[in-house]
Amino acid sequence: MTDQDRSPSRREFLRAAGSAAAGVALAWVVVVRPAQATPAAMQEAIAKVVGTARVSPGKVKLELPPLVENGNTVPLVVKVESPMTETDHVRAIHVFAEKNPQPNVVSVFLGPRAGRASVSTRMRLADTQTVIAIAELSDGSFWSDRADVVVTLAACLEEP
Amino acid sequence: MASALIRVPERARRGEVVEIRALIGHPMETGYRRTQHGERIPRDIIRLFTCTYNGTEVFRAELHPAIAANPFIAFSTVATESGTIALHWTGDHGFTATESAAIVVE
């Protein structure tokens, strides 16, 4: 009789403990993930450009091949949705890499005379990583896009 | 002297958005590589690329070691008037190069 009285309360206790643990785990994931996805050096480089402004995802399209055999030359295209008029245009586009020796890749400055906010170049990738493009608009807002690239042969390692 | 290849359309309609492509021969030595004897190879990169349209700057790019050797840059500009489109590259150890092309706008 005492056993029957006790077992539901133990079950309840376990259930409560389990959900509490799940809650803690969820909170841990939510808090920790952004810090892991972008290493400190890149965050610092981004902060130097952006300052304290908020960077929202969208408007920017970063095109990189998802799988790269040779990290020494990787074609890269950045396009930004913008009418490119005097009052509403893209001021600058910055590209950052997470695991290269230096986070900065390229910064381009354009204006209404560009007509179209689209730039292409070729970059080096030292490792499988995430590349981020940030666009600064004439109204002072920042927009970004990211691309994950898998690299088979890394740049910067071969002997000259 | 470095060899540069540029592509600018010869003629365009007024107000048309034209694409400009530029390729220049340059090692873009990162400064992170070492020789077989372990000595660091000094950095030698192109740091700045600009495009002027009849003397007015319309495009500028700051390059870092993460740009591949023989830098290729493609961008666009609005064909406003006939004249010259000039591209300039500036880099380490006093490197400079200029290449220009004429454009006829009708």
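First things first, this report covers the structure right here in the doc. (Residues numbered from 1 in each chain as written. Chains lettered and ligands numbered in written order. Predicted model: local features only at pLDDT ≥ 70, side-chain atom pairs only at ≥ 80, totals over all residues.)

To continue, consider the overall build of chain A. Scanning chain A for helices and strands turns up two helices and nine strands. Listing each helix as α and each strand as β along chain A from the N terminus yields α-α-β-β-β-β-β-β-β-β-β. Taken over 160 residues, chain A has a buried fraction of 31%. Put simply, of all contacts in chain A between residues at least 6 apart along the chain, 69% involve residues at least 24 apart. (Helix = DSSP H or I, 4+ residues; strand = E, 2+ residues; numbered from the N terminus. Buried ≥ 20, exposed ≤ 12 C-beta atoms within 10 Å, placed from the backbone. Contact = placed C-beta atoms within 7 Å.)

Attention now goes to the nonpolar core. Counting 59 residues, the largest nonpolar core has Val78, Leu125, Ala133 and Ala135 of chain A as the members making the most contacts within it. For alanine 133 of chain A, the contacting residues outside a window of four places in its chain are Val60, Leu62, Val78, Ile93, Val95, Ser144 and Asp145 of chain A. (Core = buried A, V, L, I, M, F, W, Y, C linked by C-beta atoms within 7 Å.)

What follows covers the environment of arginine 91 of chain A. Residues and elements named next belong to chain A. Its place among the elements puts arginine 91 in strand 5 (residues 90–97). For arginine 91, a count of 16 C-beta atoms within 10 Å gives the class partly exposed. Once the C-alpha coordinates of arginine 91 and glycine 111 are considered, the two residues, 20 residues apart in sequence, prove to be 5.6 Å apart. Excluding residues within four positions of it along the chain, arginine 91 makes contact with Phe109, Glu136, Leu137 and Ser138.

Attention now moves to the interface of chain B and chain A. Facing the 26 residues of chain B at the interface are 27 residues of chain A. Those elements that provide at least two residues to the side of chain B that touches chain A are strand 5 (56–63) and strand 6 (72–78) of chain B. By residue number, the principal contributor to the side of chain B that touches chain A is strand 6 of chain B, which donates seven residues. Considered class by class, the residues forming the side of chain B that touches chain A number 17 nonpolar, six polar and three charged. Sheet topology places strand 6 (residues 104–109) of chain A next to strand 5 of chain B; four bridges connect them, and they run antiparallel. When the bridges of strand 5 of chain B are listed, valine 108 of chain A appears paired with alanine 61 of chain B. (Nonpolar A, V, L, I, M, F, W, Y, C, P; charged D, E, K, R; others polar. Pairing = 2+ DSSP bridges.)

Next up on the list: the environment of alanine 40 of chain A. Residue and element names in this part refer to chain A. Examined against the element boundaries, alanine 40 turns out to sit in helix 2 (residues 40–50). What makes alanine 40 exposed here is the crowd of 9 C-beta atoms within 10 Å. As a C-alpha pair, alanine 40 and glutamate 98 span 58 residues in sequence and 8.9 Å in three-dimensional space.

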